[in-house]
Amino acid sequence: MSNELQGTVALVTGASSGIGEATARALAAHGATVAVAARRKDRLDALAGEIGGLAIEADVTDREQAIATVERTASELGRLDIVINNAGVMLLGPIENAPMEEWERMVHLNVLGLLYTAHAALPHLLKAAEIGPRRVADIINISSVAGRVARRGSGVYNLSKFGIGAFSESLRQEVTGRHVRVALVEPGAVSTELTSHLRPEIREQTAQRLANIERLHADDIADAITYMVTRPRRMAVNEMLIRPTEQEM
Ligand SMILES: NC(=O)c1ccc[n+]([C@@H]2O[C@H](COP(=O)([O-])OP(=O)(O)OC[C@H]3O[C@@H](n4cnc5c(N)ncnc54)[C@H](OP(=O)(O)O)[C@@H]3O)[C@@H](O)[C@H]2O)c1
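As the structure is a prediction and not an experimental result, all values here were calculated from the model.

S.K.: Residue-level account of the environment of G153, with values.
M.R.: Structurally, G153 is set in the loop between β5 (137–142) and α5 (155–175). By relative accessible area, which is 27% here, G153 ends up partly exposed. Through-space distance from the C-alpha of G153 to that of L91 is 9.5 Å; in sequence the pair is 62 residues apart. Those residues in contact with G153, other than ones at most four positions away along the chain, are L92, G93 and P94.

What follows is the structure in structure tokens.
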């Protein structure tokens, strides 16, 4: 436990499992009051109960729900200093004959869900950066190694993560002078529920590809995020690419 984030309010999307859940716990352990958002309300309630946070049931692919998530956080918890734009889905497979429904799910969540949340959060973050306690605010977008390296069988996931990388850099240039730090976190393989949504044959191929790699834990990524948001006001960690040691690509 530490109190570096005392007096701050954080919002974590996709906090009902994996990286988001671990990050919510880590930010709370550093003193932040945390709003946790996702669709599985039972999980959010348990987590919010544990960390003394606010559970918000929301599908962030719905623009109104994404906006309401941000506005509820700011109104019920009083401010908004940190946004972890984490909700995402990875539906791999060749482009040829791909189910278009999978592409739509990825673009709606990984791109549009993130954009809606960022857009709604920005005025609150700019205000938080002006009015203490840290006089700096953070928005961290969770990309992937897939946002840096394109691979066959990953075309639309690559598109979504490369896209948010470009968006993040553009936004960073617009707001960094006003002390809103915009950062990108790019994990390699992390042991979470992410691959459970793959089609069975693709899940099997992915498991084989990663069979000899000791995967990262969600806590490893939460650690990196906590490091980024607890830096002094003068220091912005813009990007962090974190692979399992044994992961080559
Ligand atoms: N695991 C990896 O190897 C890895 C590597 C690189 C990047 N990432 C990225 O890390 C992020 C988190 O993934 P994870 O690995 O922690 O997987 P995960 O355990 O499957 O977590 C995904 C989270 O997103 C939420 N979510 C899904 N659809 C949503 C929607 N429409 N509205 C709101 N929330 C939604 C899920 O909650 P509900 O189902 O309850 O809504 C869940 O909390 C993703 O952006 C992913 O691309 C993961």
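S.K.: Let's hear about the site of the ligand: which residues, and what values?
M.R.: The immediate surroundings of the ligand are formed by 29 residues, with S16, R39, Y157, V190 and T192 found nearest. I19 places a polar main-chain atom, nitrogen or oxygen, 2.8 Å from an oxygen atom of the ligand. The contact in question runs from an oxygen atom of the ligand to an N or O atom on the side chain of Y157, over 2.7 Å. Considered on its own, the ligand offers 880 Å² of accessible surface; in the complex 94% of this is hidden by protein. Listed by contribution, the elements that provide at least two residues to the shell around the ligand are α1 (18–29) and α5. The class makeup of the residues in the shell around the ligand is 13 nonpolar, 11 polar and five charged.

S.K.: Tell me what's going on with the packing of α1 against helix α7 (residues 218–229), and back it up with residues and numbers.
M.R.: For the pair α1 and α7, the least separation of the axes is 8 Å and the interaxial angle reads 50°. The angle between α1 and α7 falls in the class oblique. When the axes of α1 and α7 are compared, the crossing they make is right-handed. Of the residues in α7, those touching α1 at G18, I19, A22, T23, A26 and L27 are A218, D219, I221, A222, I225, T226 and V229. Residues belonging to the contact of α1 with α7 are distributed by class as follows: nine nonpolar, three polar and one charged.

S.K.: Tell me about the sheet that holds strand β6 (residues 180–187), and please be specific about residues and values.
M.R.: Read across the sheet, seven strands follow the order β3-β2-β1-β4-β5-β6-β7 without closing on themselves; strand pairing throughout is parallel. Only two strands of the sheet have a single neighbouring strand rather than two, namely β3 (54–57) and β7 (239–242). Averaged over all adjacent pairs, the angle separating strand axes in this sheet is 15°, with direction ignored. Along the sheet face, helix α3 (residues 63–77) touches β1 (9–13), β2 (33–38) and β3 and points at about 155° away from the line of β3. Sitting on the sheet, α7 is in contact with β4 (82–85), β5, β6 and β7, with an inclination near 160° to β6.

S.K.: So what's going on with the pattern of salt bridges? Residues and values would help.
M.R.: Overall, the coordinates contain 14 salt bridges when judged by the stated rule. Between E76 and R72 there is a salt bridge, with the nearest N and O atoms lying 2.8 Å from each other. Linking E76 with R72, this pair stays in helix α3, spanning four residues, or about one helical turn. By relative accessible area, R72 is classed as partly exposed at 32%. Between D138 and R181 there is a salt bridge, and its shortest N-O distance comes to 2.8 Å. On the criterion of sequence distance, the pair formed by D138 in strand β5 and R181 in strand β6 is long-range, its members being 43 residues apart. Of the residues examined, D138 reaches a relative accessible area of 3% and is grouped as buried. A cluster of three or more residues bridged by salt bridges with shared partners is formed by E21, R25 and E50.

S.K.: Now, about the pairing of β2: what can you tell me, with residues and values included?
M.R.: Within β2, five of the six residues are buried, which leaves it mostly tucked inside the rest of the structure. As judged from the five bridges shared by β1 and β2, these two strands associate in the parallel manner. Looking at β2, one finds that V12 is bridged to V36. Considered for its hand, the β-α-β crossover made up of β1, α1 and β2 is right-handed. For β2 and β3, the ladder comprises four bridges, and the chain directions are parallel.

S.K.: Now, about the side chain of K161: what can you tell me, with residues and values included?
M.R.: Position of K161 relative to the elements: it lies in helix α5. In this structure, K161 is buried with no salt-bridge partner, the nearest side chain bearing the opposite charge being E186 at 10 Å. Other than its neighbours up to four places away in sequence, K161 contacts N110, I142, S143, S144, A146 and G147.

Cut-offs used in this document
- Residues numbered from 1 in each chain as written.
- Predicted model: local features only at pLDDT ≥ 70, side-chain atom pairs only at ≥ 80, totals over all residues.
- Heavy atoms only, no water.
- Helix = DSSP H or I, 4+ residues; strand = E, 2+ residues; numbered from the N terminus.
- Buried < 20%, exposed > 50% of the residue type's maximum accessible area, 1.4 Å probe, protein only.
- Contact = heavy atoms within 4.5 Å.
- Near = heavy atom within 4 Å.
- Polar contact = N/O pair within 3.5 Å; in protein donor to acceptor, adjacent residues only side chain to side chain.
- Areas by Shrake-Rupley, 256 points an atom, 1.4 Å probe, with all protein chains shown as cover.
- Nonpolar A, V, L, I, M, F, W, Y, C, P; charged D, E, K, R; others polar.
- Axes fitted to C-alpha atoms, helices over the stretch in contact; angles between N-to-C directions.
- Parallel < 35°, antiparallel > 145°, perpendicular 65-115°, else oblique.
- Left-handed = near helix turned anticlockwise from the far one by under 90°.
- Pairing = 2+ DSSP bridges.
- Salt bridge = Lys/Arg side-chain N within 4 Å of Asp/Glu carboxyl O.
- Right-handed = clockwise from strand over helix to strand, strands pointing away.
- Lys, Arg positive; Asp, Glu negative; His and termini not counted.

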